Amino acid sequence: MEQQNWLYTDKVLEHFMNPKNILLDEASYQEDGRGLVGNIKCGDQMIVAIQVDREKETIKDCRWKTYGCASAIASTSMLSEVVKGLTLEEAYKLTPADITRKLGGLPEHKIHCSVLGDKALRAAIDDYYKRTGQEDRIVHE
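As a starting point, this report considers the structure included with it. The numbers attached to residues start from 1 for each chain and follow its sequence in the written order. This being a predicted model, a pLDDT of at least 70 is required before a residue's local features are given, and a value of 80 or more before pairs of side-chain atoms are given or counted; all residues contribute to the totals for chains, interfaces and linings. Each side-chain value is worked out from all heavy atoms of the structure, with water and hydrogens disregarded.

### Looking at helix 5 (residues 115-131)
Phase 1 of the analysis: Think of it this way: any DSSP run of H or I at least four residues long counts as a helix, any run of E at least two long counts as a strand, and we number them from the N terminus. Between the first and last residue of a helix there are one fewer steps than residues, each counted as 1.5 Å, and that sum is the expected span. For helix 5, built from 17 residues, the straight-helix expectation of 24 Å at 1.5 Å per residue is met to within 8% by its first-to-last C-alpha distance of 24 Å.
Phase 2 of the analysis: Accessibility here uses a 1.4 Å probe with only protein chains present; expressed as a share of the type maximum, an area under 20% marks a residue as buried, one over 50% as exposed, and anything in between as partly exposed. The buried fraction of helix 5 is high, at 12 of 17 residues.
Phase 3 of the analysis: Along helix 5, the positions that sit buried rather than exposed are Leu116, Gly117, Asp118, Ala120, Leu121, Arg122, Ala124, Ile125, Asp126, Asp127, Tyr128 and Tyr129.
Phase 4 of the analysis: Only heavy atoms enter the contact rule, under which two residues are in contact if any of them lie within 4.5 Å. Next to the buried residues of helix 5 lie strand 1 (33-39), strand 2 (44-53), strand 3 (58-67), helix 2 (70-82), helix 3 (88-92) and helix 4 (96-102).
Phase 5 of the analysis: Gly133 occupies a position one or two residues after helix 5 and carries a positive phi of about 70 degrees.

In structure tokens form, the structure reads like this:
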């Protein structure tokens, strides 16, 4: 692929070509929370699964799977790296803009693809809260 025709930063290219933390074996991954979201406009779908250190209330691991474009893949790959070690509250507050900055930007017309990861992450955290009887911590938008 010729670099001059590529609309993305080197960081986006890195995470698209070599995505981190893909959920390869759903059956054996011991998740504490799972979120599934989709975007009807473009047909993308995202699964995010997390493991939580219950004592510290931090994310130990984050795995994901998507049916999406380069922006969705790179954004979620970056997100899966960024959230490790964050508290659930910190992770819940991550925005697409935070991830886009870490990637060095995305083309304006591809920003909508980057929102699936954080929505799926919040859904996974909400699922964790449900599984652990902490429904009162779920933020209803």
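Past the structure itself, the notes keep going.
### Considering the packing of helix 1 (residues 10-17) against helix 2
Phase 1 of the analysis: Comment: axis = line fitted to C-alpha atoms, over the contacting stretch for helices; angle = value between 0 and 180 degrees taken between N-to-C directions. Helix 2 packs onto helix 1 with a crossing angle of 90 degrees between their chain directions and a minimal axis gap of 8 Å. Comparing the axis directions of helix 1 and helix 2 gives the class roughly perpendicular. Residues Lys11, Val12, His15 and Phe16 of helix 1 form the contact with helix 2, whose own contacting residues are Ala70, Ile73, Ala74, Ser77, Met78 and Glu81.
Phase 2 of the analysis: Asp, Glu, Lys and Arg are counted as charged, while Ala, Val, Leu, Ile, Met, Phe, Trp, Tyr, Cys and Pro are counted as nonpolar; the rest, among them Gly, fall into the polar class. Here the contact of helix 1 with helix 2 is built from residues that sort into six nonpolar, two polar and two charged. An angle below 35 degrees is treated as roughly parallel, one above 145 as roughly antiparallel, one from 65 to 115 as roughly perpendicular, and anything else as oblique.

### Some words on the environment of Leu116
Phase 1 of the analysis: Along the chain, Leu116 falls in helix 5.
Phase 2 of the analysis: A relative accessible area of 2% means that Leu116 is categorised as buried.
Phase 3 of the analysis: Considered as a pair, Leu116 and Val37 are 79 residues apart in the sequence and their alpha carbons are 6.6 Å apart.
Phase 4 of the analysis: With near-sequence residues (within four places) excluded, Leu116 lies in contact with Val37, Gly38, Asn39, Asp44, Gln45 and Met46.

### Details of the environment of Thr100
Phase 1 of the analysis: Positionally, Thr100 belongs in helix 4.
Phase 2 of the analysis: Measuring from C-alpha to C-alpha, the distance between Thr100 and Ser75 comes to 7.0 Å, with 25 residues separating the pair along the chain.

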